[in-house]
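# Descriptive analysis of the structure
Listed below, chain by chain, are the residues.
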Amino acid sequence: MSINWFPGHMHKARKEIAKVMDEVDVIIEVLDARLPQSSENPLVNTLRKGKPALKLLNKSDLADDKKTQEWIDYFNSLPDTRAISLDHTQKKLINRIAEICKQMAPSRSESGRPVRAMIMGIPNVGKSTLINALLGKKIAKVGNEPAVTKSQTRFTTRNGMALSDTPGILWPKIEDVDSGYRLAASGAIKDTAIEHEDVAIFAAGFMRDDYPDRLVERFKFKEMPELAEGVLDEIGRRRGCLRPGGVVDRNKASTLLLNEIRSGKLGKLSFETVLEWEEKRRIAEQERLEQERLEAEAQAAAEKEGSK
């Protein structure tokens, strides 16, 4: 399964970002701390043209603290990259963002000119809420659904940083199956992009495998079902999501489970780990090398046949 979701305003935003990138000193990329790699847009690295990047792992109040720190350490090990975790309540840390950006673009700040930062990120990671916190007033439109910001906007923060906001842009195709489901489960992708029940079944399986104690505590499970579908059905039975005859209404159960995950009612959780993604990259590299070998062998065989 791959997800194609690239609305017209996102295509327009991509072109606008590319045009003004030369006027930007620092990229601020807002990520979801619960799924830092899945919420990292690969287009950003393409568009940033080597500009230093500050990665903000937002919504850290909803994420697993240990796993978040592992991601912070990973991103900080990358060149021209700095990472911090935060949530909307950490006013002092948010106020330090402008100073961090100045440190990342010393030639600009030493000249006395305001550091020009562009804030980027996929939909619904909290960009607009962060901008309002940086500005100290409600200017950027906020909404608890993807794709609220539709056009590029420029602001000046209280401490003089020039800040450009961009629409939340997704890349044209989300190839990684797990990433697609994680983005949907977190609310970054609209609920209509993937079958609602499929997302909930994925989420139920994830909770069963990674945080079973949360299910037991929240839904009073007496016995953990073996299948993800069974977990969802048990949640439906225990929360009264039933149709006539006692049949579980999976649509209602799906909505209930996803809402509880997104709101943090099932506790602080993270959908992915650094080690998991390192393994995925290792496998992808092996597959790439194998494909190159096969193509080289096919080319050699074709040349040999042609020389006869």
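Residues numbered from 1 in each chain as written. Predicted model: local features only at pLDDT ≥ 70, side-chain atom pairs only at ≥ 80, totals over all residues. Heavy atoms only, no water.

Moving on, we come to the overall build of the protein. Scanning the protein from terminus to terminus reveals 13 helices and 10 strands. Going through the 308 residues of the protein one by one, you find that 50% of them count as buried. For the protein, the exposed area adds up to about 15,400 Å²; of that, 50% sits on carbon and sulfur atoms. (Helix = DSSP H or I, 4+ residues; strand = E, 2+ residues; numbered from the N terminus. Buried < 20%, exposed > 50% of the residue type's maximum accessible area, 1.4 Å probe, protein only. Areas by Shrake-Rupley, 256 points an atom, 1.4 Å probe, with all protein chains shown as cover.)

Turning our attention to the pairing of strand β2 (residues 26-32). Across the 7 residues of β2, 7 count as buried, placing the element largely inside the fold. Residues V26, I28, V30 and D32 line one face of β2 and the alternating positions I27, E29 and L31 line the opposite face, and both faces are buried. With 4 bridges joining them, β2 and strand β5 (residues 116-120) adopt parallel strand pairing. Looking at the pairing, I27 lines up with M118 of β5. Note that β2 and strand β3 (residues 53-58) share 6 bridges and pair parallel. Bridge pairing in β3 places V30 opposite L56. (Pairing = 2+ DSSP bridges.)

On to the packing of helix α8 (residues 177-186) against helix α13 (residues 274-306). Direction vectors running N to C along α8 and α13 enclose 145°, while the axes themselves pass 12 Å from each other. Judged by residue contacts, D178, S179 and R182 of α8 engage E276, W277 and K280 from α13. Each residue belonging to the contact of α8 with α13 can be placed in one class, and the counts come to 1 nonpolar, 1 polar and 4 charged. (Axes fitted to C-alpha atoms, helices over the stretch in contact; angles between N-to-C directions. Contact = heavy atoms within 4.5 Å. Nonpolar A, V, L, I, M, F, W, Y, C, P; charged D, E, K, R; others polar.)

Turning our eyes to something else, we now look at the side chain of K67. By secondary structure assignment, the location of K67 is in helix α3 (residues 65-76). A distance of 3.5 Å separates a polar atom in the side chain of K67 from a polar atom in the side chain of Y211. Ignoring anything within four residues of it in the chain, the contact list for K67 reads D210, Y211, S270, E272 and T273. (Polar contact = N/O pair within 3.5 Å; in protein donor to acceptor, adjacent residues only side chain to side chain.)

Turning our attention to the pattern of salt bridges. If charged atoms from side chains of opposite charge come close, those side chains can pair. Overall, the coordinates contain 26 salt bridges when judged by the stated rule. A salt bridge links R182 to E276, with the nearest nitrogen and oxygen atoms 2.7 Å apart. Here R182 is found in helix α8, whereas its partner E276 is found in helix α13, with 94 residues between them in sequence. We classify R182 as buried; its relative accessible area is 6%. A single network of salt bridges, built from pairs that share partners, joins D176, D178, R182, E272, E276 and K280. (Salt bridge = Lys/Arg side-chain N within 4 Å of Asp/Glu carboxyl O.)

By the secondary structure assignment, A203 is in helix α9 (residues 196-210). Residue A203 is classed as buried on the basis of its relative accessible area of 0%.

The next thing to look at is α8. Within α8, 8 of the 10 residues are buried, which leaves the element mostly enclosed by the surrounding structure. Turning to α8, its buried residues number three or more, namely S179, G180, Y181, R182, L183, A184, A185 and S186. Where α8 begins, the capping side chain belongs to D176, and its oxygen is found 3.2 Å from the backbone nitrogen of D178.

This part is about the nonpolar core. Formed by 63 residues in total, the largest nonpolar core has its most connected members in I28, I97 and L130. The element contributing the most residues to this core is α9, with 8 residues. Other than its neighbours up to four places away in sequence, I28 contacts L54, L56, I97, C101, A117, M118, I119, M120, M161 and L163. (Core = buried A, V, L, I, M, F, W, Y, C linked by side-chain atoms within 4.5 Å.)

On to the packing of aromatic side chains. Scanning the model with the defined rule gives 7 aromatic pairs in all. Where F219 meets F221, the ring centres are 6.2 Å apart and the plane angle is 40°; that geometry is what we call tilted. An aromatic cluster of at least three residues, connected via ring pairs, comprises W71, Y74 and F75. Sitting over the ring of W277, K280 keeps its end group 4.7 Å from the ring centre. (Phe/Tyr/Trp six-rings, centres within 6.5 Å; stacked < 30°, edge-to-face > 60°. Lys NZ or Arg CZ within 6 Å of the ring centre and 35° of its normal.)

Below, the discussion takes up the confidence of the model for the protein. A residue-level look at the protein finds 88% of positions with pLDDT of 70 or above and a mean pLDDT of 86. At the level of individual helices and strands, the protein shows its lowest average pLDDT in strand β1 (residues 3-4), which scores 54, and its highest in α3, which scores 97. Long-range and interchain partners of residues 142-151, a stretch whose pLDDT sits below 50, account for 31 contacts in this model, where long-range means more than four residues apart. (pLDDT = per-residue confidence, 0-100.)

Let's shift gears to the pairing of β5. The buried count for β5 comes to 4 of 5 residues, which makes it a mostly enclosed element. Here β5 runs beside strand β7 (residues 162-165); their pairing, made up of 4 bridges, is parallel. Counterpart to R116 in the pairing with β7 is A162.

So, about the side chain of H196. Structurally, H196 is set in helix α9. Within the structure, H196 has its side chain in polar contact with the side chain of T255 (distance 3.0 Å). Excluding residues that lie within four positions of it along the chain, H196 makes contacts with D191, N251, S254, T255 and L258.

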